[in-house]
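Architecture at a glance
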Amino acid sequence: MNLIQIENLSHSYSNTKALEEVSINIKEDDFLAIIGPNGGGKSTLLKLILGLLPIQNGKILKNIKNSEVGYVPQNTNLNIDFPITALEVVLMGHIKRKRKIFGYAKEDIFCAMNSLKQVGMEKFADKKIGDLSGGQRQRVFIARALCSNPKILMLDEPTASIDVKGQQEIYELLKELNKSIAIVVVSHDLTILLNYAKDVAHVNRTLVYHSLKEVQRSVTLSDDHLCEVELLTALGKTQICCNHEH
Ligand SMILES: Nc1ncnc2c1ncn2[C@@H]1O[C@H](COP(=O)(O)OP(=O)(O)OP(=O)(O)O)[C@@H](O)[C@H]1O
């Protein structure tokens, strides 16, 4: 089932045309990587899907509620010195939360703990967010986005400034979550493309969609090792061809 249908979406900022005639569907079991050069329009696309920017041209049809689109923004490492625990960060994402005068409602804490459990961080509930590693912190932000039981989880550069081991753990977590939630990741990191994503959308004002299996097959067929530049070049084109010499 299509959870989100995007049809002929265009968006401009004063004189800059950021997106032009972009169409793509997001289905319930998708693991979609959105890649492309700096300034290509990836964040604009994400913001339009999330309703953070008004639609100028084209359509976004959602077969789910807005609250069922979970979002993990970029740069969530900001304000890590703020004295707040992992559990409190997750509670902040609880849309139905009834704030009591002192503390939180029991059912909200139960829900938040459940989200922390989903990302393997329940033992760190009372730790200050600033005392966690980059990878652990990102898991907490994912838990926050899981609070509203999303059908799609959208993440903007989820592994930026996280060490390799932490990145791997985040990807494995996303793979696990993808058993029941569609995952959409904006990333410059090709690991996610090569090992985790099922499909890829290359966004550079226009959008070119590829099934990743087909891309990998065509890129690896002509070579023993996968050249990242070739892969990116191939993804930027409608026709994939990697028969040239190294
Ligand atoms: N608020 C804004 N006002 C004016 N121009 C903007 C604004 N936001 C983005 N742009 C321009 O729109 C284009 C697309 O930007 P966008 O941030 O969507 O790209 P991106 O692919 O997410 O880039 P990056 O990979 O660097 O984050 C760029 O040319 C950018 O300069």
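For clarity, every value in this text was computed on a predicted model and none was experimentally measured.

**Description of the sheet that holds strand β3 (residues 31-35)**
Across the sheet, which stays open at both edges, the 6 strands sit in the order β5-β6-β7-β3-β8-β9 with mixed pairing between neighbours. Where the open sheet ends on each side, the last strands, each with one partner, are β5 (69-72) and β9 (206-211). Averaged over all neighbouring strand pairs, the angle between strand axes comes to 15 degrees, with direction disregarded. Against the sheet, helix α1 (residues 42-49) touches β3, β6 (152-156), β7 (182-186) and β8 (199-204), its axis set at about 145 degrees to β6. Seen against the sheet, helix α4 (residues 134-146) touches β5 and β6 and runs at an angle of roughly 160 degrees to β5.

**Describing unusual backbone geometry**
Although it is not a glycine, Ser14 sits at a positive phi angle of roughly 35 degrees. Within the secondary structure, Ser14 sits in the loop between β1 (2-13) and β2 (16-27). For Glu21, which is not a glycine, the phi torsion comes out positive at approximately 50 degrees. Tracing the backbone through its elements, the reader meets Glu21 in strand β2.

**Points about the domain arrangement of the protein chain**
When the parts of a complex come together, some accessible area is lost, and that lost area is often taken as the interface size. Annotation of the protein chain at the domain level lists domain 1 (1-64 + 151-210) and domain 2 (76-150). Between the C-alpha centres of domain 1 and domain 2 the distance comes to 24 Å. Listed as interface residues are 12 residues of domain 1 and, on the opposing side, 10 residues of domain 2. Of all the secondary structure elements, the ones that give two or more residues to the side of domain 1 that touches domain 2 are β6 and α5 (164-177). The element contributing the most residues to the side of domain 1 that touches domain 2 is α5, with 4 residues. Partitioning the side of domain 1 that touches domain 2 into residue classes produces 7 nonpolar, 2 polar and 3 charged.

**What to know about the site of the ligand**
Neighbouring residues of the ligand: Tyr13, Thr16, Ala18, Gly36, Asn38, Gly39, Gly40, Gly41, Lys42, Ser43 and Thr44. Sorting the residues of the shell around the ligand by element identifies β2 and α1 as the ones contributing at least two each. Sorting elements by how many residues they give to the shell around the ligand places α1 first, with 3 residues. Residues of the shell around the ligand, tallied by class, amount to 2 nonpolar, 8 polar and 1 charged.

**Quick look at the pairing of β8**
Across a regular strand the side chains alternate sides, sitting on one face of the sheet and then on the other. Most of β8 sits inside the fold, with 5 of its 6 residues counted as buried. Bridge count for β3 against β8 is 4 bridges, and the pairing is parallel. Bridging from a neighbouring strand, Ala33 pairs with Val200 of β8. In terms of strand pairing, β8 meets β9 through 6 bridges, oriented antiparallel. Counted as the bridge partner of Val203 is Leu207 from β9. In this antiparallel pair of consecutive strands, β8 and β9, the connection spans 1 residue, and Arg205 shows a positive phi of 70 degrees.

Definitions and cut-offs
- Residues numbered from 1 in each chain as written.
- Predicted model: local features only at pLDDT ≥ 70, side-chain atom pairs only at ≥ 80, totals over all residues.
- Pairing = 2+ DSSP bridges.
- Helix = DSSP H or I, 4+ residues; strand = E, 2+ residues; numbered from the N terminus.
- Axes fitted to C-alpha atoms, helices over the stretch in contact; angles between N-to-C directions.
- Contact = placed C-beta atoms within 7 Å.
- Domains from an automatic or database assignment.
- Nonpolar A, V, L, I, M, F, W, Y, C, P; charged D, E, K, R; others polar.
- Near = placed C-beta within 6 Å.
- Buried ≥ 20, exposed ≤ 12 C-beta atoms within 10 Å, placed from the backbone.

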